[in-house]
Each structure stands twice: as C-alpha cells, then as structure tokens.
Amino acid sequence: MEAQYQQFEPPEGSSVRVVQAASPGLKRILTFILYGVLALLLLTLVIIMGVKFPQINQGLADVKTSLERISHQVITSASSAGTASEDVLLQSRVPTRGNCREGWWSFQKSCYLLSTSAVTWSSAESQCVALGGHLVVLNNVEELDYLSEISELRFNYWIGLVERTHEGHWSWVDGTDYASMRKFWDKGQPDDWDYRENGEDCGQLHAAAKRKRRLWNDADCKLSYRYICEARA
C-alpha cells in the first residue's frame, strides 16, 4: 500500500508563520560580512606569526644547540680515553685590563671586549669596527683558551668567522688565511643545519655547561647572540 502524503499547512488560527526566504540583497550582505570576518582573522594570524617567527627561529637554534650538546656527551662517554673528542678542562680566570681601554681585557698583544647584549652577526661586526677593531680572530689555542676562561659559560659568542662567497668557503674578517690555521670546530660542525631557512654561515663559540675549551659552531647569521671584539693593544 502506498503511503499518502499531504502538504503540511498550518491550521487556521495557528500562530505558526511561514518564514519567507531571505532576499538576494540580504544574502549578499551576509556573504560580505562573513568574508570580512575571515579576512580579519587571517590578518590577525599573519600579525601574530610575524611577531612570533623570530622567537621560533631562535628556539630552533636553542634546540639544535641542546641536541648537539647531548650528542657530544654521548660520543665522548662512548669513546676511549685519550681521543681528541674529550673535553679540555680549564679554570676560570679573572681578566686584567693592562694597556687596554675601559671595558676591554688584555691578552698577549690584543685587547678583547665581551659584549653583554645580543645582536646579529653583521651588527656585531659593525659595532666592533666602530670601536676600532673587528670580531675576534682566533689565531692559536692559547687565545681560544683565554677567552674560554673569561667568558660566561651559558652564552654563545659570535666570532670573526664567516662564509661570504659560497658554501664551505670560510674566511676570517681580518683576512687571516683560514686554510693555514688550526681548526677548533665542535663535533659534527660545521653542518649548515638544513632546518635553518637562512643557512648557517657565521661562526660562534659554543655555550658550555662547564669550564672547558670552547669550540666553534656555525649558526644563522640573522640570529642574535653576544659577541667578542678584538683590537690591537
């Protein structure tokens, strides 16, 4: 038996009203309002990401540093005694001014300024040049150990090492021949970390958990770190 259907009609005297479909003009207005709200939300998201991106970028660098430190500890503990990967432990040193300007520290024939603020690599080099010097050029292990003994452990420091022309071609800011000098790269460095948008073309001294010889790391030049200036005494 086929079911019979009748169109529904409100009974006479009922308070139920049939709602008329919205007019085309009203639909257009509602559509414009909806698109406006979506555009505002998108703009807000872009602004938030623009503010947070440098922090995210810096956070990636911190994550990389932590991973490298853990990896270095694992490799060191697993290696046999007397290998080159072992830490060279040092003692903290109180720096002296000697013949250097106020705020600079004397060692051998140079004066050194350890910054207390963090800037990009190019800004660090510009500030060192403005003070009559340049980012530090590490000519020998004695100089490296001296700076390792007076610098604050928890900070990375920009040095005057940079890739200016093409990948793998490192040079010192004062023209010192990089190829003829002893290298002090940390384990697995330089690695030009693939997750870094701008590459890693600038050298720095790695932060450390204990007083030891600070080794080199390549980092994103646009990140902000402390730096070390060098000038003639």
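Details of the structure are given in the entry above.
Since we're looking at a predicted model, the values are computed, not measured. (Residues numbered from 1 in each chain as written. Predicted model: local features only at pLDDT ≥ 70, side-chain atom pairs only at ≥ 80, totals over all residues. Heavy atoms only, no water.)

J.: Which residues make up the overall build of the chain, and what values do they have?
T.: Helix and strand counts for the chain come out as 3 helices and 8 strands. What you see in the chain, going N to C, is helices and strands ordered as α-β-β-α-β-α-β-β-β-β-β. A buried classification covers 37% of the 233 residues belonging to the chain. Within the chain, counting contacts between residues at least 6 apart in sequence, those at least 24 apart form 72% of the total. By element, 58% of the accessible surface of the chain is carried by carbon and sulfur atoms, the whole surface being about 14800 Å². (Helix = DSSP H or I, 4+ residues; strand = E, 2+ residues; numbered from the N terminus. Buried < 20%, exposed > 50% of the residue type's maximum accessible area, 1.4 Å probe, protein only. Contact = heavy atoms within 4.5 Å. Areas by Shrake-Rupley, 256 points an atom, 1.4 Å probe, with all protein chains shown as cover.)

J.: For the state of the cysteines, give the residues involved together with the corresponding values.
T.: Tallied over the full model, the rule gives 3 disulfides. Across the disulfide from Cys100 sits Cys111; the S-S distance is 2.0 Å. An S-S torsion of about -90° defines the bridge between Cys100 and Cys111 as left-handed. Separated by 11 residues along the polypeptide, Cys100 in the loop between helix H1 (24–78) and strand E1 (105–107) and Cys111 in strand E2 (residues 110–114) bring together distant segments of the chain. (Disulfide = S-S within 2.5 Å.)

J.: So what's going on with the packing of aromatic side chains? Residues and values would help.
T.: Under the defined criterion, the tally for this structure stands at 7 aromatic pairs. Between Phe107 and Tyr146, the ring centres sit 4.3 Å apart and the planes meet at 10°, which makes this aromatic pair stacked. With Phe107 in strand E1 and Tyr146 in helix H3 (residues 141–150), this residue pair connects regions lying 39 residues apart in the sequence. Tyr146 matches Phe107 in its accessibility class, with the two residues each being buried. (Phe/Tyr/Trp six-rings, centres within 6.5 Å; stacked < 30°, edge-to-face > 60°.)

J.: Before we move on, can you summarise the nonpolar core with the specific residues and values?
T.: Counting 24 residues, the largest nonpolar core has Leu138, Leu147, Trp172 and Trp216 as its most contacted members. Only E2, H3, strand E4 (157–163) and strand E5 (170–172) provide two or more residues apiece to this core. Broken down by element, this core gets its largest block of residues, 5 residues, from H3. Discounting chain neighbours no more than four positions away, the residues touching Leu138 are Glu143, Leu144, Leu147, Ile159, Trp172, Met181, Leu205 and Trp216. (Core = buried A, V, L, I, M, F, W, Y, C linked by side-chain atoms within 4.5 Å.)

J.: A description of a nonpolar patch on the surface should follow, citing residues and the corresponding values.
T.: Together, Leu26, Ile29, Leu30, Ile33, Leu34, Tyr35, Val37, Leu38 and Leu41 give the surface a local cluster of nonpolar side chains, amounting to about 910 Å² of exposed area. Here Val37 is to be found in helix H1. For Val37, a relative accessible area of 43% gives the class partly exposed. (Patch = residues over 30% accessible without salt bridge, like charges linked within 9 Å, V, L, I, M, F, W, Y side chains within 5 Å. Salt bridge = Lys/Arg side-chain N within 4 Å of Asp/Glu carboxyl O.)

J.: I'd like a description of helix H2 (residues 121–130), backed by residues and values.
T.: Buried within H2 are the following residues: Trp121, Ala124, Glu125 and Cys128. Around the axis of H2, the buried residues are gathered within 95° of arc, so they sit on the same side. Contact partners of the buried residues in H2: strand E3 (134–135), E4, strand E6 (202–205) and strand E8 (226–232). Gly132 lies just past H2 and shows a positive phi near 90°. (Arc of directions from axis to C-beta.)

J.: Could you give me a rundown of H3, with the residues and numbers involved?
T.: Helical periodicity: at 3.6 residues per turn, an α-helix aligns residues three or four positions apart in one direction. Burial runs high along H3: 9 of the 10 residues are buried. Those residues of H3 that fall on the buried side of the exposure criterion are Val141, Glu143, Leu144, Asp145, Tyr146, Leu147, Ser148, Glu149 and Ile150. Here the buried face of H3 lies against E1, E2, E6, strand E7 (216–219) and E8. Where H3 begins, one side-chain oxygen reaches toward the backbone nitrogen of Glu142, 3.2 Å away; that side chain belongs to Asn140. (Polar contact = N/O pair within 3.5 Å; in protein donor to acceptor, adjacent residues only side chain to side chain.)

J.: So, unusual backbone geometry: which residues are in play, and what are the values?
T.: Looking along the chain, the bond that leaves Gln189 and enters Pro190 is cis, with omega of -5°. Among the secondary structure elements, Pro190 is positioned in the loop between E5 and E6. The backbone of Gln108 shows a phi angle near 55°, a positive value even though the residue is not glycine. Mapped onto the elements of the fold, Gln108 is located in the loop between E1 and E2. For Gln108, a relative accessible area of 52% translates into the label exposed.

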